[in-house]
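# An overview of the molecular structure
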Amino acid sequence: MAIYRVHVSLLAIEPLIWRRIELSSQTTLRQFHRALQIVMGWENYHMHEFLVGKQRYGVPDSTYDEPGEVIVEGKIHLSDVLPAPGAQILYIYDFGDYWQHLVTLEEVVPAEPGAEYPRVVSGARSCPPEDCGGTGGYANLLDILMDPKHEDHQHMRDWAGEKFLAEAFSLNAINLRLRRNRSLAAKS
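Now for a look at the structure at hand. (Residues numbered from 1 in each chain as written. Predicted model: local features only at pLDDT ≥ 70, side-chain atom pairs only at ≥ 80, totals over all residues. Heavy atoms only, no water.)

## Considering the overall build of the protein chain
A count of helices and strands for the protein chain gives five helices and ten strands. Projected onto its principal axes, the C-alpha coordinates of the protein chain cover approximately 55 × 45 × 30 Å. Restricting to contacts in the protein chain with at least 6 residues of sequence separation, those with at least 24 account for 64%. When the accessible surface of the protein chain is totalled, it reaches about 9900 Å², and 52% of it is carbon and sulfur. (Helix = DSSP H or I, 4+ residues; strand = E, 2+ residues; numbered from the N terminus. Contact = heavy atoms within 4.5 Å. Areas by Shrake-Rupley, 256 points an atom, 1.4 Å probe, with all protein chains shown as cover.)

## Re helix H4 (residues 153-160)
The complete set of buried residues in H4 reads His153, Met156, Arg157 and Ala160. One side of H4 holds all its buried residues, which, seen down the axis, span an arc of 105°. Structural note: H4 exposes His155 and Asp158 on the side pointing more than 90 degrees away from its buried face. Looking at the buried side of H4, the elements it contacts are helix H3 (134-145). (Buried < 20%, exposed > 50% of the residue type's maximum accessible area, 1.4 Å probe, protein only. Arc of directions from axis to C-beta.)

## Describing the nonpolar core
Within the largest apolar cluster, 44 residues are counted, with the highest numbers of intra-cluster contacts made by Val6, Leu82 and Tyr138. At seven residues, the largest contribution of residues to this core is made by helix H1 (residues 29-40). Residues in contact with Val6, not counting those within four places in the same chain, are Arg19, Arg20, Ile21, Leu23, Phe32, Leu82, Val103, Thr104, Leu105 and Glu106. (Core = buried A, V, L, I, M, F, W, Y, C linked by side-chain atoms within 4.5 Å.)

## Some points on the packing of H1 against helix H5 (residues 171-180)
One way to put it is that H1 packs onto H5 with a least axis distance of 9 Å and a crossing angle of 150°. Between H1 and H5, the crossing angle belongs to the class labelled roughly antiparallel. The hand of the H1/H5 crossing is right-handed. On H5, the residues that touch Ala35, Ile38 and Val39 of H1 are Ile174, Arg177 and Leu178. Of the residues contributing to the contact of H1 with H5, the split by class is five nonpolar, no polar and one charged. (Axes fitted to C-alpha atoms, helices over the stretch in contact; angles between N-to-C directions. Parallel < 35°, antiparallel > 145°, perpendicular 65-115°, else oblique. Left-handed = near helix turned anticlockwise from the far one by under 90°. Nonpolar A, V, L, I, M, F, W, Y, C, P; charged D, E, K, R; others polar.)

## A word on the packing of aromatic side chains
Across all of its chains, the model carries five aromatic pairs by this definition. Where Trp42 meets Trp99, the ring centres are 5.3 Å apart and the plane angle is 35°; that geometry is what we call tilted. Linking Trp42 in the loop between H1 and strand E3 (48-52) with Trp99 in strand E7 (residues 99-110), this pair joins segments that are 57 residues apart in sequence. Trp99 sits in the buried class, given a relative accessible area of 1%. Between Tyr138 and Phe164 the ring centres are 6.4 Å apart and the planes differ by 75°, which places this aromatic pair in the edge-to-face class. Note that Tyr138 is positioned in helix H3 and Phe164 in the loop between H4 and H5, a separation of 26 residues in sequence. An identical accessibility class is assigned to Tyr138 and Phe164; each is buried. Taken together through their ring pairs, the aromatic side chains of Phe32, Phe50 and Tyr91 make up a single cluster. (Phe/Tyr/Trp six-rings, centres within 6.5 Å; stacked < 30°, edge-to-face > 60°.)

Structure follows, in structure tokens:
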């Protein structure tokens, strides 16, 4: 089994929020979406799509999409859209907040005997809370949370939750959530 090592970064936020993930090259885009929700920390409340050049992959919506405009993601494998190291695709989550994730295939590696995939091998920072208003809203949220004297500080702390810490990143917690999602599992 070929293992893809991909780097995923959330665009337009500094310092960077990113993950390095290892997973089977035969992972479908549907499975990859579910894995990205877990590894980035999203809660799968919103629509998404993958962009490869001008081609869109996802779940077609007959209300908005013309027939054939969006290719069904469940039959497309990572190897179809990331053919070689250096290849990139864009993953868009939440069409309102419009979170753009750059996905780059860093390298193809052999599977480690006994290893469980997908797995996160490194990363940094927490993903923004759902529905915080995109990059501008997130920047505003962080400014307010860093200023205990701000008039909206307590309200925004309550809204974001006491557990939200922008700088937090737990490799073990993310990998535990991935292992609990059996439908994503691939063993070497």
